[in-house]
Amino acid sequence: MIFLIMVVVILAFVALWNFDLHKIIYVKTLTRNAGDGAALAAARWQGVSLNLLGELNVAQAVAINNALVANPQKPDFSEARAIADLQARVCFAGPMLGFAAAQQAAKNNNVYVDTNFTQEVLAHASIVQNEYPALYAPPYSTAWSDYANMINTVAGDGIAALPGAQSPYTSMHHMLLNSAFYRAIASQNWCWFYNNAYTLLQTYGGWQTWAPLPPLARRSIITSEYFPLNVTTEPSLDDLEYTFGNSAATVLQQLGAAHNPPVQWSPAVAQVGATWYCYEPGYWTTWDAVIQSNRQANAGPFPFISTIRPQYNYGGADAGLTVRADAPPTLFNQKQYAVTWVVAAKPFGYLDGPVSPQTYGIILPAFHDVRLIPVDAAISPFADDAFSYGASWIEHITTHLPVYMQSGPAGIQGLAASCGYCAALITWENPGFRQTGLTWLQQYSTNCIVHGPGPGGSGGTSHGH
Ligand SMILES: [Zn+2]
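Residues numbered from 1 in each chain as written. Predicted model: local features only at pLDDT ≥ 70, side-chain atom pairs only at ≥ 80, totals over all residues. Heavy atoms only, no water.

(A) Quick peek at the overall build of the protein chain. Secondary structure assignment for the protein chain yields 16 helices and six strands. Across the 465 residues that make up the protein chain, the buried fraction comes to 52%. Nonlocal contacts in the protein chain, meaning residues at least 24 apart in sequence, comprise 79% of its contacts between residues at least 6 apart. Carbon and sulfur atoms form 56% of the exposed surface of the protein chain, whose accessible area is close to 20,600 Å². (Helix = DSSP H or I, 4+ residues; strand = E, 2+ residues; numbered from the N terminus. Buried < 20%, exposed > 50% of the residue type's maximum accessible area, 1.4 Å probe, protein only. Contact = heavy atoms within 4.5 Å. Areas by Shrake-Rupley, 256 points an atom, 1.4 Å probe, with all protein chains shown as cover.)

(B) A look at the packing of aromatic side chains. For the structure shown, the criterion picks out 31 aromatic pairs. Members of the aromatic cluster, connected to one another through ring pairs, are Phe181, Tyr182, Trp190, Trp192, Phe193, Tyr204, Trp210, Trp393, Tyr421, Trp428 and Phe433. Here lysine 346 stacks its cationic end above the ring of tryptophan 287, 3.5 Å away from the centre of that ring. (Phe/Tyr/Trp six-rings, centres within 6.5 Å; stacked < 30°, edge-to-face > 60°. Lys NZ or Arg CZ within 6 Å of the ring centre and 35° of its normal.)

(C) Fine view of the side chain of aspartate 318. Within the fold, aspartate 318 resides in the loop between α13 (287–294) and β4 (319–326). An unpaired buried charge is present at aspartate 318: no salt bridge exists, and lysine 346, the closest side chain of opposite charge, is 5.3 Å distant. A distance of 2.6 Å separates the side chain of aspartate 318 from the side chain of serine 380, its partner in a polar contact. Not counting the four nearest positions on each side in its chain, aspartate 318 is found in contact with Gln46, Ala345, Lys346, Pro347, Ile373, Ala377, Ala378, Ile379 and Ser380. (Lys, Arg positive; Asp, Glu negative; His and termini not counted. Salt bridge = Lys/Arg side-chain N within 4 Å of Asp/Glu carboxyl O. Polar contact = N/O pair within 3.5 Å; in protein donor to acceptor, adjacent residues only side chain to side chain.)

(D) Inspection of the coordination of the zinc ion at higher detail. Protein-derived coordination of the zinc ion comes from His396 (ND1), His400 (ND1), Cys419 (SG) and Cys422 (SG), at a distance range of 2.1 to 2.3 Å. Here the zinc ion is ringed by four donor atoms whose angles at the metal span 101 to 117°, and the overall shape comes out tetrahedral. Given the relative accessible area of 8%, histidine 400 is considered buried. For cysteine 422, a relative accessible area of 0% gives the class buried. (Donors = N, O, S within 2.8 Å, 3.2 Å for Na, K, Ca; no water. Tetrahedral: all angles 85-135°; square planar, octahedral: opposite > 155°, others 65-115°.)

(E) Up close: the packing of helix α15 (residues 420–429) against helix α16 (residues 431–444). Between α15 and α16, the least distance of the axes is 5 Å, while the angle of their chain directions is 75°. In terms of orientation, α15 lies roughly perpendicular with respect to α16. Counting all contacts with α15, which are made through Thr427, Trp428 and Glu429, the residues of α16 involved are Pro431, Phe433 and Arg434. Looking at side-chain class alone, the contact of α15 with α16 contains three nonpolar, one polar and two charged residues. (Axes fitted to C-alpha atoms, helices over the stretch in contact; angles between N-to-C directions. Parallel < 35°, antiparallel > 145°, perpendicular 65-115°, else oblique. Nonpolar A, V, L, I, M, F, W, Y, C, P; charged D, E, K, R; others polar.)

(F) View of the side chain of histidine 124. Note on placement: histidine 124 falls in helix α5 (residues 115–130). Here histidine 124 falls in the buried class, since its relative accessible area comes to 5%. What histidine 124 contacts, discounting residues up to four positions off in sequence, is Tyr132, Tyr147, Ile151, Glu225, Tyr226 and Tyr389.

(G) Just the pattern of salt bridges, in detail. Here the structure, examined in full by the defined rule, presents five salt bridges. Arginine 89 is the partner of aspartate 85 in a salt bridge, and the nearest nitrogen-oxygen pair spans 2.9 Å. Here aspartate 85 pairs with arginine 89, and both are found in helix α4 (residues 78–108), just four residues apart, close to one helical turn. Overall, aspartate 85 belongs to the partly exposed group, its relative accessible area being 30%. Look at arginine 89 and you get partly exposed, because its relative accessible area is 31%. Arginine 183 is paired through a salt bridge with glutamate 120; the nearest N and O atoms lie 3.5 Å apart. A residue pair is termed long-range when its members are at least 10 positions apart, and arginine 183 in helix α8 (residues 179–186) and glutamate 120 in helix α5 qualify at 63 residues.

(H) Representation of the packing of helix α3 (residues 34–70) against α4 in the model. Relative orientation of the contacting elements α3 and α4 amounts to 170°, with a least axis distance of 8 Å. When the interaxial angle is binned, α3 and α4 end up roughly antiparallel. Here the residues of the contact of α3 with α4 are counted per class, giving 23 nonpolar, seven polar and one charged.

(I) Quick look at helix α14 (residues 391–412). Under the 1.5 Å per step criterion, the end-to-end length of α14 is only 18 Å for 22 residues, more than 12% shorter than the ideal 32 Å. When α14 is considered as a whole, its buried residues turn out to be Trp393, Ile394, His396, Ile397, His400, Leu401, Tyr404, Gly408, Pro409 and Ile412. Buried residues along α14 sit in contact with α6 (132–135), α8 and α15. (Expected span 1.5 Å × (residues − 1).)

(J) Spotlight on the environment of aspartate 146. The topology assignment puts aspartate 146 in helix α7 (residues 143–156). Those residues in contact with aspartate 146 that sit more than four places away from it in its chain are Arg89 and Tyr140.

(K) Inspection of the nonpolar core at higher detail. In this structure, Phe181, Phe193, Leu237, Leu255 and Ile362 are the most contacted members of the largest nonpolar core, which totals 145 residues. Tallying contributions element by element places α3 first for this core, with 19 residues. Among all residues touching leucine 255, those that are not within four sequence positions of it are Asn57, Val58, Ala61, Leu237, Trp265, Trp276, Ile362 and Leu364. (Core = buried A, V, L, I, M, F, W, Y, C linked by side-chain atoms within 4.5 Å.)

This is the structure:
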């Protein structure tokens, strides 16, 4: 059985090398564009991971079918369960390999390890190791220690290209839910405000003027938060009908068509309790819809150069990251400024039709390519968005913020001694503090450079949502 699984995995990986990506990455290496190369490497692993989940869905269906044929009275589904367990691991290991590959691509392009990036990733590994077991149910028994070890391994070699990490809360589009905002206050990082919240800094009118907090839904963490795949699981094929509008028969037909030779299914396969890896509908909707939901209310439609072909019009998963390098000294004062590149890439593919990969809800092997995409069209979090994950952050946003929204800084005064986020909010409420920032920026905002990639690049821009 284990042998069979290994064969499936190896076959899947062999099939996936059809990706015409080595070439793309090689060309990008020649342009010395570290951010692009890193983002493409990470997105490629997202595509590989999704294809592998698809291959394993097919293998799981075959295993269930075989068990039903072999012993209809008392079928043995242990092989199918072992395949699902492997999928649970792929959801973390695949994107983390992308994280590692992105570092290699960045370093090959002469971008060096950034101490702050490395510290940030190491800090997250420690939260996963020490706090996650109490906060989140592990998707498999050793998930949190495995995941923490993987993060530590990647960070151990030093981080040169930093992705954002996806928040375990579904709605984070509010400044008070962005931990980067609090960090910028605490460290008086006025450039952060200049690049991300300049209007807020200029026009803030007091705590009563915040938009209401959106409802916070906490979801379980079943894939790596770095380069997340945005997948979910369904307990039987019959359930898919309610989630994605496809009958179990249609889904089975697709699973059979993805197998070589095509499989004749026992119809009972659909009813067997299993763990099917599926696309999470909130992310795998049309790309324009996802982009719009990420944009400011008054920003208008996203300015795509041409219309997106229907089979590519999905949000899904993409890889956004930040690299930083010192620019050459300026001619005027010989000062060196850090240049930050923010870039994004995304796996692309389609199923026969052509139709987009998520058409049937269930994950099937579909991804053939990766491309750079405009940063503002990316749905993945960026390092700038720096959400926090530890128990103290969860306590702040779930219990302290409602008090603040109700009664302002007076209400959280007593909490500030033990909560750094509350302390930062009280600082923020002081008009003198905000004026200090505005005065500084009047003089020094040119220091706050955010650069897209140089000539030859296509995906990067300053990032500010
Ligand atoms: Zn607090």
